[in-house]
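Coordinates in review
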Amino acid sequence: MNNMFDIVISGAGPAGSKCAELLANKGFKVALIERDTNWRKPCGGGVSARILKYFPQLKKANPHKIDSILMYSGDYNKLKYTWKGSREYSINMDRLEFDNIVRNVAIDAGTYLFDNNLSYEFIWKNRQSIGIKTKTSSGTKEYFGKILIIADGMSSKLATKSGLRKKWKIEELGIAKCAIIEGDLSLEHKCIHVFFRPYKGYGWIFPLGNNRFNIGCGTFEEDNLNYNLNTIYNEFFKDPYIKELLPTRDYKAIWSASYPLPVLGVKKKSLYNDNIMLIGDTAGFTSPISGEGIHPGVVSGQAAAEAAIYALEEDKISKEVLKQYKLNSNVRKIIKNFKLKRSMVEFFYENSGRNLSNMFKLANQNDEYREIVVNMFLFNSVPSKEFFSEIRKLN
Ligand SMILES: Cc1cc2nc3c(=O)[nH]c(=O)nc-3n(C[C@H](O)[C@H](O)[C@H](O)COP(=O)(O)OP(=O)(O)OC[C@H]3O[C@@H](n4cnc5c(N)ncnc54)[C@H](O)[C@@H]3O)c2cc1C
């Protein structure tokens, strides 16, 4: 097979795979380059119900269904919300399984997957990038494309080499460690637990079914420099409240890993240039409060695919045309929503997390406040200024 494609995508995670699927479905010749399909992306694997609209194929895998969330403030005030009884449910999945399913959807649509290929450089001609070079066990390979899409996550070298964005600074990131553990859990198997910390950080326990769960914690922004990840991870397991949920000593970690994630929102000036687009984590599509990045990454992959389809059909691949990616209504909604969440993060963690703690206290006392807080966390609505000043008054 020759190495000329309409589109070359580096990275077959959720964002790259969605993008490849949609382009291949339209009949374009798509190369999807992946470093290692056996790599399990470090992730909690918690995905909102919205993902099933993008990948109905996931239902066949019978993913573990979640119907409630229990959130703890840094000083352990709790807030529980359940959507039991509604038709919608969120899911928890092992990322290895999730990524393989969404990759296979792209392959079934006609995408050419090149596994064990590490993208490391662009192929340049007249100062324009016209392809991607990879390293493989049998030497260097070259893949040429009219449009190049960078979807290779946080570790992307191509994103910086493209000139679209600089290297991440440590304060722009979250850093988290997580594990998949086997053993009995003393919590409801359909409930996810999120533990906000008194510093900029949080931890989680996400049940996966069959006595397995994903557990992890991390820090973000300036607190990456103030706390050691391994120390807080070990302390998290020893925390008396968390120990209550892990009643026996009989746990076996079947996998663990650490990884960074973007936390300052979408890099909206870095999304596209002539014949190139950045999508998913590498462009900042991860929610600043929860770290949820699978759904927003997939949305960015879809928006980039739509912009590329139009550009290829019109045979105009300049940045003026690819701008449609950034103007996509779903991408604009995400950019706006993440901006609001960023401002809330500052509020939550003020005074060692006391605002968040007060918010949970009020929500437990008063149904009206409860609705505001739940809508803010789960449905992206923004509380009024009066609400925030009410909370501050309690300090
Ligand atoms: C610890 C942790 C917990 C998280 N928990 C959640 C959660 O519970 N729910 C949620 O929604 N989000 C969570 N996130 C965020 C989520 O994991 C990411 O936002 C999401 O994976 C982004 O998808 P992506 O396709 O952009 O990138 P990735 O999933 O990172 O995919 C990138 C792909 O590119 C490949 N690749 C990398 N470099 C190269 C290269 N040079 N050449 C070729 N291929 C390459 C990788 O192997 C990978 O397959 C978490 C993140 C972390 C770090």
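Here the structure is a predicted model, which is why all the values come from computation and not from measurement. (Residues numbered from 1 in each chain as written. Predicted model: local features only at pLDDT ≥ 70, side-chain atom pairs only at ≥ 80, totals over all residues.)

1. Re the domain arrangement of the chain
- Domain annotation of the chain identifies domain 1 (4-39 + 96-169 + 265-337) and domain 2 (339-393).
- When each unit is reduced to the centre of its C-alpha atoms, the spacing between domain 1 and domain 2 is 35 Å.
- Listed as interface residues are 7 residues of domain 1 and, on the opposing side, 7 residues of domain 2.
- Per-class residue counts for the side of domain 1 that touches domain 2 are 3 nonpolar, 3 polar and 1 charged. (Domains from an automatic or database assignment. Contact = placed C-beta atoms within 7 Å. Nonpolar A, V, L, I, M, F, W, Y, C, P; charged D, E, K, R; others polar.)

2. Focus: the site of the ligand
- Taken together, 39 residues sit near the ligand, with Gly 13, Gly 44, Gly 153, Gly 280 and Gly 293 positioned nearest.
- Elements represented by at least two residues in the shell around the ligand include exactly α1 (14-25), β3 (46-47), β9 (118-125), β12 (173-182), β16 (252-262) and α8 (294-314).
- In the shell around the ligand, the residues fall into 15 nonpolar, 17 polar and 7 charged. (Near = placed C-beta within 6 Å. Helix = DSSP H or I, 4+ residues; strand = E, 2+ residues; numbered from the N terminus.)

3. Some thoughts on helix α11 (residues 329-365)
- When the terminal C-alpha atoms of α11 are compared, their 38 Å separation across 37 residues is substantially less than the 54 Å that a helix rising 1.5 Å per residue should span.
- When the local axis directions of α11 are compared, the greatest deviation, roughly 125°, occurs at Ser 352. (Expected span 1.5 Å × (residues − 1). Bend = angle between axes of the 7 residues up to and from the residue.)

4. Points about the pairing of strand β11 (residues 139-150)
- Bridge count for strand β1 (residues 4-10) against β11 is 6 bridges, and the pairing is parallel. Directly across from Val 8, in β11, lies its bridge partner Leu 148.
- Taking the residues that link successive antiparallel strands as the turn, the strand β10 (residues 128-136)-β11 hairpin has 2 residues.
- As judged from the 3 bridges shared by β11 and strand β18 (residues 276-278), these two strands associate in the parallel manner. The residue of β18 that forms the bridge with Ile 150 is Leu 278. (Pairing = 2+ DSSP bridges.)

5. Overview of the packing of α8 against α11
- Taken N-terminus to C-terminus, the directions of α8 and α11 make an angle of 145°; their axes are 9 Å apart at the nearest point. The interaxial crossing formed by α8 with α11 has left-handed handedness. In this structure, α8 contributes Pro 296, Val 299, Ser 300 and Ala 303 to the contact, and α11 contributes Asn 330, Val 331 and Ile 334. (Axes fitted to C-alpha atoms, helices over the stretch in contact; angles between N-to-C directions. Left-handed = near helix turned anticlockwise from the far one by under 90°.)

6. Quick look at the nonpolar core
- Core analysis: the largest hydrophobic core is formed by 101 residues, its most contacted members being Ile 9, Cys 19, Leu 23, Ile 149 and Met 277.
- Shared between two domains, this core takes at least three residues from each, and those domains are domain 1 (4-39 + 96-169 + 265-337) and domain 2 (339-393).
- Those residues in contact with Ile 9, other than ones at most four positions away along the chain, are Gly 16, Cys 19, Ala 20, Val 30, Ala 31, Leu 32, Ile 33, Ile 149 and Ala 151. (Core = buried A, V, L, I, M, F, W, Y, C linked by C-beta atoms within 7 Å. Buried ≥ 20, exposed ≤ 12 C-beta atoms within 10 Å, placed from the backbone.)

7. Things to note about the packing of α11 against helix α13 (residues 385-393)
- Axis separation between α11 and α13 bottoms out at 9 Å; the angle between their running directions is 100°. By the angle class used here, α11 and α13 are roughly perpendicular. Residues Phe 347, Asn 355, Asn 358, Met 359 and Leu 362 of α11 pack against Phe 388, Ile 391 and Arg 392 of α13.
- When the residues that make up the contact of α11 with α13 are grouped by side-chain class, the tally is 5 nonpolar, 2 polar and 1 charged. (Parallel < 35°, antiparallel > 145°, perpendicular 65-115°, else oblique.)

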